[in-house]
Amino acid sequence: MNNNDQRSRPLVIGCIYSSPSDSNFYSNFTNLLDEVDLANSELYLLGDFNCPINSAKGKEFIKFMSHIGLNQLIRENTRVTATSSSLIDMIFINSHRVIESGLIKLTISDHYMIYCNIGPVN
């Protein structure tokens, strides 16, 4: 198997939830990332990171993810209430196959649903 061939890369999809009260999340998350072969896997990590993207902690987190080769797709606020809004639900990828991403504004929760559509392997 040729690891440079896009069709031979393992596909890894992870659903993430960071509890606001979990002080060990980022340490555990970093350990999880150490288990994934980022260079040879097609990775999609999505979920509620409970880290507002515009906060100091959020900017640091985005910088870290970018440094390890993961790009964040979602650009609009995902948690919206009558008094606040923030972007805390994210999708991180290391792939070029995403053809569309965004959110669906559902009213059953104070979080909007995030998504991405993946194109075929060339």
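Each remark here, short or long, concerns the structure printed above.
Residues numbered from 1 in each chain as written. Predicted model: local features only at pLDDT ≥ 70, side-chain atom pairs only at ≥ 80, totals over all residues. Heavy atoms only, no water.

A.B. asks: How should I be thinking about the state of the cysteines in this particular structure?
C.D. replies: Structurally, a disulfide amounts to a covalent bond that connects the sulfur atoms of two cysteines. Summed over the entire model, instances satisfying the criterion amount to 0 disulfides. Distance from the sulfur of Cys-15, which forms no disulfide, to the nearest cysteine sulfur (Cys-116) is 12 Å. Its relative accessible area of 72% is what places Cys-15 among the exposed residues. Free cysteine Cys-51: the closest other cysteine sulfur is in Cys-15, separated by 17 Å. (Disulfide = S-S within 2.5 Å. Buried < 20%, exposed > 50% of the residue type's maximum accessible area, 1.4 Å probe, protein only.)

A.B. asks: Hey, could you run me through unusual backbone geometry in this one?
C.D. replies: The phi torsion of most residues other than glycine is negative, and most of the peptide bonds are trans. The phi dihedral of Asn-50 falls on the positive side, at around 45 degrees, and the residue is not glycine. By the secondary structure assignment, Asn-50 is in the loop between β2 (42–48) and α2 (56–67). (Helix = DSSP H or I, 4+ residues; strand = E, 2+ residues; numbered from the N terminus.)

A.B. asks: For this particular structure, what's the right way to read the sheet that holds β2?
C.D. replies: Whether parallel or antiparallel, the strands of a sheet pair through hydrogen bonds between backbone atoms. Read across the sheet, 4 strands follow the order β1-β2-β6-β3 without closing on themselves; strand pairing throughout is mixed. If you trace the sheet from one side to the other, it starts and ends with β1 (11–17) and β3 (71–72), each paired once. Direction of pairing for β3 relative to strand β6 (residues 89–93): antiparallel, over a ladder of 2 bridges. Across the sheet, Asn-71 pairs through a bridge with Ile-93, a residue of β6. Along the sheet, helix α1 (residues 25–34) contacts β1 and β2; its crossing angle with β1, the most-contacted strand, is approximately 175 degrees. Each of β2, β3 and β6 touches α2; the most contacted strand, β6, lies at about 20 degrees to it. (Pairing = 2+ DSSP bridges. Contact = heavy atoms within 4.5 Å. Axes fitted to C-alpha atoms, helices over the stretch in contact; angles between N-to-C directions.)

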